[in-house]
Amino acid sequence: MRHGDKIKNLSRTKAHRDALLANLGSQLIVNKRIVTTLAKAKSLRVYVEPLITKTRKGESKEQIMHQHRVVFSYLKDKHAVKELFTVIGPKVASRPGGYTRIIKLGTRLGDNAELALIELVDFNEVYGKTAATTAEAGKRTRRGRAKKSAEPKAEAAAEAKADTPAVEDATVVEETPAAPVEGEADVQKGTGE
């Protein structure tokens, strides 16, 4: 029976699994996106997201130093810890969780393993959304909010049309064709020699 067995073992011992997740986590933090198998990506998300959350907490200098030590005990890479606290932490400060995204890529040719790309959401240039724009948009809920009527939008559009100046009539200037060269006239008439 498997009662209470929620950890994904990834067919590894605890020491091997910890080393694997520490390496994958530090590479994700340094490179902002990595390609790995789907099972490893799902395990890595559970491993990394609490570490990213630790960068947001702490007001005093002692608390910040303590969080550095805690994260270093997981990642075992001081460059990744520095990157996490100096670059990633301030950028995800306004996000209430969900710092990573997993995108399935299909299967690998050699062993038919499912591949996935795991990336930090705020560092994707393709989609163009950043934490700053989501913070400016305001808080969002899953329930949604009451819809505003469409009448103010229609009134604003009508005012915008009224404010635009009318286009004035422009004078049209026609160009006169230049006199054809001797050989050109024959070509135009179809009598080319």
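As a reminder, the structure under discussion sits directly above these lines.
Let us look at the structure shown here. (Residues numbered from 1 in each chain as written. Predicted model: local features only at pLDDT ≥ 70, side-chain atom pairs only at ≥ 80, totals over all residues. Heavy atoms only, no water.)

**Structural notes on the pairing of strand β3 (residues 114-120)**
Line of reasoning, step 1. Burial analysis of β3 places six of its seven residues in the buried class, which makes it a mostly covered element.
Line of reasoning, step 2. Pairing between strand β1 (residues 33-37) and β3: five bridges, direction antiparallel. Across the sheet, Thr-37 pairs through a bridge with Leu-115, a residue of β3. (Buried < 20%, exposed > 50% of the residue type's maximum accessible area, 1.4 Å probe, protein only. Helix = DSSP H or I, 4+ residues; strand = E, 2+ residues; numbered from the N terminus. Pairing = 2+ DSSP bridges.)

**Focus on the packing of helix α3 (residues 61-75) against helix α4 (residues 78-91)**
Line of reasoning, step 1. Running from N to C, α3 and α4 point in directions that differ by 135°, and their axes come no closer than 9 Å. One element, α3, and the other, α4, form an angle in the oblique class. In terms of crossing hand, the pair formed by α3 and α4 is right-handed. Counting all contacts with α3, which are made through Gln-67, His-68, Val-71, Phe-72 and Leu-75, the residues of α4 involved are Lys-78, Ala-80, Val-81, Leu-84 and Phe-85.
Line of reasoning, step 2. When grouped by side-chain class, the residues that make up the contact of α3 with α4 number seven nonpolar, two polar and one charged. (Axes fitted to C-alpha atoms, helices over the stretch in contact; angles between N-to-C directions. Parallel < 35°, antiparallel > 145°, perpendicular 65-115°, else oblique. Left-handed = near helix turned anticlockwise from the far one by under 90°. Contact = heavy atoms within 4.5 Å. Nonpolar A, V, L, I, M, F, W, Y, C, P; charged D, E, K, R; others polar.)

**Some words on the side chain of Lys-32**
Line of reasoning, step 1. With respect to the element layout, Lys-32 can be found in the loop between α1 (14-31) and β1.
Line of reasoning, step 2. Polar contacts involving the side chain of Lys-32 include one to the main-chain carbonyl oxygen of Val-30, which spans 3.5 Å. (Polar contact = N/O pair within 3.5 Å; in protein donor to acceptor, adjacent residues only side chain to side chain.)

**Here we look at the packing of aromatic side chains**
Line of reasoning, step 1. Taken as a whole and judged by the stated rule, the model has one aromatic pair.
Line of reasoning, step 2. Here Tyr-47 and Tyr-74 contribute two aromatic rings whose centre-to-centre distance is 5.9 Å and whose plane-to-plane angle is 75°, an arrangement assigned as edge-to-face. Pair noted here: Tyr-47 is in helix α2 (residues 38-54) and Tyr-74 is in helix α3, with a separation of 27 residues, a long-range link.
Line of reasoning, step 3. For Tyr-74, a relative accessible area of 38% translates into the label partly exposed.
Line of reasoning, step 4. A cation sits over an aromatic face here: Lys-91 above Phe-123, 4.5 Å from the ring centre. (Phe/Tyr/Trp six-rings, centres within 6.5 Å; stacked < 30°, edge-to-face > 60°. Lys NZ or Arg CZ within 6 Å of the ring centre and 35° of its normal.)

**Considerations on α4**
Line of reasoning, step 1. With 14 residues, α4 should cover 20 Å at 1.5 Å per step; its first-to-last C-alpha distance of 19 Å lies within 8% of that length.
Line of reasoning, step 2. Taking the largest bend as the criterion, α4 deviates by roughly 35°, centred on Leu-84.
Line of reasoning, step 3. Every buried residue of α4 is listed here: Ala-80, Val-81, Leu-84, Phe-85, Ile-88 and Gly-89.
Line of reasoning, step 4. At its buried positions, α4 is contacted by α1, α2, α3 and β3.
Line of reasoning, step 5. For α4, the N-terminal capping position is held by Asp-77, with its side-chain oxygen 3.3 Å away from the main-chain nitrogen of His-79. (Expected span 1.5 Å × (residues − 1). Bend = angle between axes of the 7 residues up to and from the residue.)

**Here we look at the pairing of strand β2 (residues 100-107)**
Line of reasoning, step 1. Where β2 meets β3, seven bridges bridge the pair, whose relative direction is antiparallel. Of the residues in β3, the one forming a bridge with Thr-107 is Glu-114.
Line of reasoning, step 2. With antiparallel pairing between neighbouring strands as the criterion, β2 and β3 make up a hairpin whose turn holds six residues, including Asn-112 at a positive phi of roughly 60°.

Everything listed here is a matter of geometry and, on its own, says nothing about what the molecule does.
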